[in-house]
Amino acid sequence: MLCLISGLIYWRLHIRRRLEREISDPLFLVQELNNAHQISPQEKRLMLDLAADNALPNPLTLFVEPRFFLDAREKASYASSREIIESLLLRLFSIEVKS
């Protein structure tokens with residue numbers, strides 16, 4: 001019985017810490033969104049580059065603002081990543097662009 005009570009207390013503390021982390025840590029939310037949208041490692045690198053190029057503190061804004069992808073798609077420096085950008089635009093925002 002004592003083990004069961006200890007286990008329940010531990011579980012509640014674990015859930016509380018996780019909720020606090022979810023609320024206060026934007027990178028945790030980015031990680032959850034990456035998992036939910038099945039973002040590949042290559043797509044994650046691109047998103048980190050886009051965040052850095054646009055002086056964003058983290059890639060979280062990229063999940064709600066398609067203009068960063070649309071702007072990058074037009075830049076010569078992202079020419080080799082156009083296919084990935086277009087795939088992310090379609091998956092994240094249902095925006096289909098023609099090459």
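Basis of the calculations
Per chain, residue numbering runs from 1 following the sequence as it is written. Whole-chain, interface and lining totals are the exception, using all residues; otherwise, since this is a predicted model, local features are given only for residues with pLDDT of at least 70 and side-chain atom pairs are given and counted only at 80 or more. Only heavy atoms go into the side-chain values, all of them from the structure, while hydrogens and water stay out. Think of a 1 Å grid over just the protein atoms. A cavity is a set of points where a 1.4 Å probe fits yet cannot get out, a pocket is an open set with protein on both sides within 12 Å along at least five of seven lines, and lining residues have an atom within 4 Å of a point. Grid points are joined across faces, edges and corners, and a volume is the space filled by probe spheres set on the points. The helix and strand labels rest on DSSP assignments: H or I over at least four residues marks a helix, E over at least two residues marks a strand, and numbering proceeds from the N terminus. Think of it as three bins: nonpolar holds Ala, Val, Leu, Ile, Met, Phe, Trp, Tyr, Cys and Pro, charged holds Asp, Glu, Lys and Arg, and polar takes everything else, Gly as well. Among buried residues, those of type Ala, Val, Leu, Ile, Met, Phe, Trp, Tyr and Cys that are joined through side-chain atoms within 4.5 Å constitute a nonpolar core. Exposure is judged per residue with a 1.4 Å probe applied to protein chains only, and the accessible area is read against the type maximum: over 50% gives exposed, under 20% gives buried, and values in between give partly exposed. Should any heavy atoms of two residues lie within 4.5 Å, those residues are counted as being in contact. All axes here are fitted lines through C-alpha atoms, helices being fitted over the stretch that makes contact, and every angle between N-to-C directions spans 0 to 180 degrees. Geometric relationships in this document are graded by angle, where less than 35 degrees denotes roughly parallel, more than 145 denotes roughly antiparallel, 65 to 115 denotes roughly perpendicular, and other angles denote oblique. Salt bridges are identified by distance alone: a Lys or Arg side-chain nitrogen within 4 Å of an Asp or Glu carboxyl oxygen.

Draft legend 1. Region of the structure containing empty space enclosed by the protein. Considering all chains together, one arrives at one cavity of 30 Å³ or more under this definition. Size it by volume and the largest cavity reaches roughly 30 Å³. Ranked by the residues each element gives to the lining of the largest cavity, the list is headed by helix H4 (residues 67–74), at three residues. Here the residues of the lining of the largest cavity are counted per class, giving four nonpolar, one polar and two charged.

Draft legend 2. The nonpolar core, seen in detail. Residues Met 47, Leu 62, Phe 69 and Leu 88 are the most contacted members of the largest nonpolar core, which totals 19 residues. Elements that contribute at least two residues to this core include exactly helix H3 (41–53), H4 and helix H5 (82–93). In terms of residues, this core owes the most to one element, H5, which gives six residues. Look past the residues within four positions of Leu 62 in its chain and what remains in contact with it is Met 47, Leu 50, Ala 51, Leu 56, Phe 68, Phe 69, Leu 92 and Phe 93.

Draft legend 3. Just the packing of H3 against H5, in detail. Running from N to C, H3 and H5 point in directions that differ by 95°, and their axes come no closer than 11 Å. In terms of their interaxial angle, H3 and H5 are classed as roughly perpendicular. Residues Gln 42, Glu 43, Leu 46 and Met 47 of H3 form the contact with H5, whose participating residues are Ile 84, Ile 85, Ser 87, Leu 88, Arg 91 and Leu 92. Its residues placed into classes, the contact of H3 with H5 shows six nonpolar, two polar and two charged.

Draft legend 4. Focus on the pattern of salt bridges. All told, the structure shown has four salt bridges when counted by the stated rule. Residue Arg 67 is joined to Glu 65 by a salt bridge in which the shortest nitrogen-to-oxygen separation is 3.9 Å. Using a relative accessible area of 28% as the deciding quantity, one classes Glu 65 as partly exposed. Of the charged contacts in the structure, one is a salt bridge between Arg 73 and Glu 86, with a shortest N-O distance of 2.8 Å. Of this pair, Arg 73 sits in helix H4 while Glu 86 sits in helix H5, and the two are 13 residues apart along the sequence. Pair check on accessibility: Arg 73 and Glu 86 agree, each one buried.

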